[in-house]
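As a plain string of letters, each chain reads:
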Amino acid sequence: MCGIVGYIGPKPSKNIILRGLEALEYRGYDSAGIALVDSKGGQVFKQVGRVNGLTQEVEEEASNAGLAIGHTRWATHGGVTVANAHPQMNSDHSIFVVHNGIIENFDELRQRLEEAGYTFESETDTEVVPQLIDYYLKQLPSFVAAFEATLRDVRGAYSIVAISTAEPETLYAARLSSPLVIGVGEHENFLASDPSAIMDHTKKVIYLEDYDVAVITKDKVDIHNLKEDTHTSPKIELLDYENEKALLGDYPNFMLKEIFEAPAAIRSATLGRAVVEQNMVKLGGLEGVLGQLKYIDRIVIVAMGTSYYAGLVGEYLIEELADIPVEVQLASEFNYRKEPFSRSTALLAISQSGETADTIAALKKVEDYGVLRLGIVNAVGSTIARMTDAGVYCHAGPEKAVASTKAFLAQVTVLLLIALHLNDGRSKRFRPLIEELNELPAKAQAILDHTDEIKAIAEKYADYRDFLFIGRHTGFPAALEGALKVKEISYLHAEGYAAGEMKHGPLAMIDENFPTFAIATDSPLLEKTYSNIQEIKARKGPVLALATRGNKAITKFCSDVIYIPETEPETQSILQVIVMQLFAYYIAIKRDNDVDRPRNLAKSVTVE
Ligand code: AGP
């Protein structure tokens, strides 16, 4: 979603803001802007398109002001225009505001201001904020009082940063449901919607909490919580990942880099956790809730997108290994249904970014239920990580490409570890699986060593308009994820389906223009999948099969076969999805798409 960067200090803020916005480009956006304030007044530069379209004008014309805010916008209210780009301003352009999230009651506020004589320049919800501050500033003794009065009127989800020509030394920030972090420097301070925008300058950060209002000068941070009406002393934490990991290296894009990080991601998720020598699984993040875990008799997994599909794999793993019923729900559906929820049910939120609004809302929904809230998160210190009672980090490292790849593999690995942890060694599957988890990185690498073959086959299929992905058992959610990868980076229609469903409808779509990617790896259900493939072939449907290395029989009826190394049934989906990530990647590259920043999508969906 949108990106925010702010700075107050002795340095020329324009360069810090521009570099910060560039670091956030992976999140996806359609316009960008920057406002600067010094003792002589304010300047604002905005434009549609990439940050680098702003750079030249800002570098040439902006002052060396030490106070500035910048924003990359992903349009929610109002089209993609310069007027709708942020910063948004009050009528005399003395107050500048950037905002992430949605102001749900902006219509009502706008009418109220128009009745008070205010005129508006944009179609955005955000513009009511600087106008409302202006309105209250005429009645209240200070900018912070006007800022807080404005926030009390606003309903919705936001991270808001404001500066004013009347206060050339101060940043004003507020957070409700949308992430905002303060970077603490030496006689300078930073603000960002994502730590990656400021981690070149400082590793010391303060995460704002919901209802926090921060007044920030170069030497001081004062935080007032509007809900508790308390002034908290800021808790400084240290960022834990290095910027170089987030850098591209010699890869053409982040997506391919992150696919090739599959072995490392599986290893990092497993390291110190699947301990073969002691035949045990150690999950430090769950130590504090072991007592409560013993009474859990149902787990509801909530997530969105790829994380949801990881959860669907986890359902099979936890039910079969820990004998606990699991239900997986899209967080966006979970939030609006009324369902019985006993105190022995645990809610498990899965999220790469830890900032997905729907998933955060699911955790909020059960806040007063008195139930155990667990998380599987990749972004350390993110909102979801801090909202849960306990959890297991994925440790996959920063994932910058919008299409999630290595994080999915880490999520499924962690779900398997949790299933084994809950099983606690009682199952005969326990030892083989902790051994296999330690073998898996090498098997993932074996797939990556055959990328050219996958590339050649993918390019053969790059001109089709429709794809069906089918699988059984954990191969079914794997098929759903494979279809999502094709959808989101090649923009083609792709559907994932349970293979057993073919005769119940999807077969009607099949003809020579509708290829099927059939997950046909070794399994007790393989014969049934063979039947599905035969049905498809009988209707002239092209079939690309994914099989286990050594399976020669499948070549009798499939011309295109991609092989994965032999692995345990419970870990097959991890290797299957690596192949499908590469398949989707090479189709998208053949179609000249921007695989890191696919159209219309954002890395972290921080609005519902
Ligand atoms: C997956 O490739 C997409 N980027 C998207 O579906 C993503 O998985 C979803 O938005 C959930 O994000 P999260 O894991 O950060 O919560």
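Refer to the structure presented above.
To start, this report covers the structure provided alongside it. (Residues numbered from 1 in each chain as written. Predicted model: local features only at pLDDT ≥ 70, side-chain atom pairs only at ≥ 80, totals over all residues. Heavy atoms only, no water.)

### Here we look at helix H4 (residues 128-137)
Part 1: Here H4 lies mainly inside the structure; eight of its ten residues are buried.
Part 2: Residues of H4 that are buried include every one of Val128, Val129, Pro130, Gln131, Leu132, Ile133, Asp134 and Tyr136, and no others.
Part 3: Contacts made by the buried residues of H4 are with strand S5 (88-89), strand S6 (95-103), helix H3 (106-115), helix H5 (143-153) and strand S7 (156-164). (Buried < 20%, exposed > 50% of the residue type's maximum accessible area, 1.4 Å probe, protein only. Helix = DSSP H or I, 4+ residues; strand = E, 2+ residues; numbered from the N terminus. Contact = heavy atoms within 4.5 Å.)

### Considering the sheet that holds strand S18 (residues 298-303)
Part 1: Pairing is parallel in the open sheet, where five strands are placed in the order S19-S18-S20-S21-S22. Every interior strand has two partners, whereas the edge strands, strand S19 (326-330) and strand S22 (390-393), have only one. The mean angle between the axes of side-by-side strands here comes to 20°, regardless of whether they run parallel or antiparallel.
Part 2: In terms of strand pairing, S18 meets strand S20 (residues 345-351) through five bridges, oriented parallel. Looking at S20, one finds that Val300 is bridged to Leu347.
Part 3: Of the strands in this sheet, S18, S19 and S20 are in contact with helix H10 (residues 305-322), which crosses S19 at around 175°. (Pairing = 2+ DSSP bridges. Axes fitted to C-alpha atoms, helices over the stretch in contact; angles between N-to-C directions.)

### Let's talk about empty space enclosed by the protein
Rolling a probe over the atoms, with the probe sized like a water molecule, indicates the empty space that remains.
Part 1: For the structure on display, the rule yields two cavities of 30 Å³ or more.
Part 2: Each pocket or cavity is described by its volume, and for the largest cavity that value is around 70 Å³.
Part 3: Lining the largest cavity, in full, are Cys2, Arg73, Trp74, Thr76, His86, His99, Asn100, Gly101, Thr124, Asp125 and Thr126.
Part 4: By residue class, the composition of the lining of the largest cavity is two nonpolar, seven polar and two charged.
Part 5: If you add up the space inside the second largest cavity, you get close to 40 Å³.
Part 6: Leu293, Ile299, Ile318, Leu348, Leu374, Ile418 and Leu422 are the residues that line the second largest cavity.
Part 7: Here the lining of the second largest cavity is composed, by residue class, of seven nonpolar, no polar and no charged. (1 Å grid on protein atoms, 1.4 Å probe; cavity = no way out; pocket = protein on both sides within 12 Å on 5 of 7 lines; lining within 4 Å. Points joined across faces, edges and corners; volume = space filled by probe spheres on them. Nonpolar A, V, L, I, M, F, W, Y, C, P; charged D, E, K, R; others polar.)

### Describing the pattern of salt bridges
Part 1: This model, assessed by the stated rule, comprises 31 salt bridges.
Part 2: For Arg19, the salt bridge is made with Glu59, and the minimal N-O distance between the two is 4.0 Å. One end of the pair, Arg19, is in helix H1 (residues 13-23); the other, Glu59, is in helix H2 (residues 52-61), and 40 residues separate them in sequence.
Part 3: Look at Arg19 and you get partly exposed, because its relative accessible area is 36%.
Part 4: Since its relative accessible area comes to 39%, Glu59 is described here as partly exposed.
Part 5: Here the residues in one salt-bridge network are Arg298, Glu327, Arg337 and Glu339, joined through shared partners. (Salt bridge = Lys/Arg side-chain N within 4 Å of Asp/Glu carboxyl O.)

### Considerations on the nonpolar core
Part 1: Formed by 98 residues in total, the largest nonpolar core has its most connected members in Ile299, Phe469 and Phe583.
Part 2: Looking at which element gives the most residues to this core, the answer is helix H19 (residues 572-590), with 13 residues.
Part 3: The contact partners of Ile299, leaving out residues within four places of it in the chain, are Ile318, Ile324, Pro325, Val326, Glu327, Ala346, Leu348 and Leu422. (Core = buried A, V, L, I, M, F, W, Y, C linked by side-chain atoms within 4.5 Å.)

### Considering the site of the ligand
Part 1: Near the ligand there are 14 residues, and of these Ser307, Ser351, Thr356, Val402 and Glu488 occur at the shortest range.
Part 2: Ser307 places a polar side-chain atom, nitrogen or oxygen, 2.6 Å from an oxygen atom of the ligand.
Part 3: Here the ligand loses 91% of its free accessible area of 420 Å² to cover by the protein chains.
Part 4: Among the cavities detected, the one that contains the ligand is the second largest pocket.
Part 5: Those elements that place two or more of their residues in the shell around the ligand are H10 and helix H17 (475-490).
Part 6: Per-element tally for the shell around the ligand: the top contributor is H10, with three residues.
Part 7: Looking at side-chain class alone, the shell around the ligand contains four nonpolar, eight polar and two charged residues. (Near = heavy atom within 4 Å. Polar contact = N/O pair within 3.5 Å; in protein donor to acceptor, adjacent residues only side chain to side chain. Areas by Shrake-Rupley, 256 points an atom, 1.4 Å probe, with all protein chains shown as cover. Sits in = over half its atoms within 2 Å of the grid points.)

### What to know about the environment of Asn100
Part 1: As for its placement among the helices and strands, Asn100 is situated in strand S6.
Part 2: Along the sequence, Asn100 and Thr126 sit 26 residues apart, while their C-alpha atoms lie 8.7 Å from each other.
Part 3: A distance of 3.4 Å separates polar atoms of two side chains, one belonging to Asn100 and the other to His71.

### Things to note about the sheet that holds S7
Part 1: Here seven strands make up an open sheet; going across it, the order is S5-S6-S7-S8-S12-S13-S14 and the pairing antiparallel. Sheet topology places S5 and strand S14 (230-232) at the edges, where each strand pairs with a single neighbour.
Part 2: For strand S13 (residues 221-225) and S14, the ladder comprises three bridges, and the chain directions are antiparallel. When the bridges of S14 are listed, His224 appears paired with His231.
Part 3: Strands in contact with H4 are S5, S6 and S7; relative to S6, the strand with the most contacts, it is inclined by about 125°.

### Looking at the packing of helix H8 (residues 262-270) against helix H14 (residues 406-423)
Pairs of packed helices are described in terms of their axes, by the angle between the two and the distance that separates them.
Part 1: The contact between H8 and H14 brings their axes to 9 Å, and the two run at 30°. Here H8 lies roughly parallel to H14, going by the angle between them. Helix-helix and strand crossings are classified by hand; for H8 and H14 the assignment is right-handed. Seen from H8, the contacting residues are Ala262, Ala265, Ile266, Ala269 and Thr270; seen from H14, they are Lys406, Leu409, Ala410, Thr413, Val414 and Leu417.
Part 2: When the residues that make up the contact of H8 with H14 are grouped by side-chain class, the tally is eight nonpolar, two polar and one charged. (Parallel < 35°, antiparallel > 145°, perpendicular 65-115°, else oblique. Left-handed = near helix turned anticlockwise from the far one by under 90°.)

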